[in-house]
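# Observations on chain architecture
Each chain, written out:
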Amino acid sequence: PMALVELARFANAHEAELARGRLESLGIHAVCFDSSMNIGEGIGFLIPVRLMVLAEDREEALAILGDALP
């Protein structure tokens, strides 16, 4: 079985989706978790959006995103 691991947590869904798209464009499967829960930005209720990748892709994904990660 392929296990997903957390790569990073983002304060908003937009930033998480940009990072996910960058990884996907380079052939690394990535998924955003909790995007729909991230609805209270600006009102004090904020659940981070988690960017998930396959465990075997984690190191490569970190190298690709580098300073773009929070």
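Residues numbered from 1 in each chain as written. Predicted model: local features only at pLDDT ≥ 70, side-chain atom pairs only at ≥ 80, totals over all residues. Heavy atoms only, no water.

Burial within strand β3 (residues 49–54) is extensive, with five of its six residues counted as buried. Of the pairings in the sheet, the one linking strand β1 (residues 4–10) to β3 comprises six bridges and is antiparallel in character. Residue pairing in the sheet places A8 in a bridge with L51 of β3. With four bridges connecting them, strand β2 (residues 30–33) and β3 associate as antiparallel partners. Residue pairing across strands places A30 opposite V53, the latter belonging to β3. (Buried < 20%, exposed > 50% of the residue type's maximum accessible area, 1.4 Å probe, protein only. Helix = DSSP H or I, 4+ residues; strand = E, 2+ residues; numbered from the N terminus. Pairing = 2+ DSSP bridges.)

Another aspect to go through is the sheet that holds β3. Strand order across the open sheet formed by three strands is β1-β3-β2, with antiparallel pairing between neighbours. What marks the edges here is a single partner per strand, and that holds for β1 and β2. In this sheet, adjacent strand axes meet at a mean angle of 30 degrees when their direction is disregarded. Against the sheet, helix α2 (residues 58–65) touches β1 and β3, its axis set at about 25 degrees to β1. (Axes fitted to C-alpha atoms, helices over the stretch in contact; angles between N-to-C directions. Contact = heavy atoms within 4.5 Å.)

The next thing to look at is the pattern of salt bridges. Applying the stated criterion across every chain, the model contains four salt bridges. In this structure, R20 engages E17 in a salt bridge whose closest nitrogen and oxygen atoms are separated by 2.7 Å. Linking R20 with E17, this pair stays in helix α1 (residues 13–25), spanning three residues, or about one helical turn. With a relative accessible area of 26%, R20 lands in the partly exposed category. Note that R58 is salt-bridged to E59, the shortest N-O span being 3.6 Å. Overall, E59 belongs to the exposed group, its relative accessible area being 57%. (Salt bridge = Lys/Arg side-chain N within 4 Å of Asp/Glu carboxyl O.)

The next subject is the packing of α1 against α2. Running from N to C, α1 and α2 point in directions that differ by 115 degrees, and their axes come no closer than 11 Å. If you check the angle between α1 and α2, you find them roughly perpendicular. Two packed elements cross with a definite hand, and for α1 against α2 that hand is right-handed. Where α1 abuts α2, its residues A19, R22 and L23 lie against A61, I64 and L65. Of the residues that constitute the contact of α1 with α2, the class distribution is five nonpolar, no polar and one charged. (Parallel < 35°, antiparallel > 145°, perpendicular 65-115°, else oblique. Left-handed = near helix turned anticlockwise from the far one by under 90°. Nonpolar A, V, L, I, M, F, W, Y, C, P; charged D, E, K, R; others polar.)

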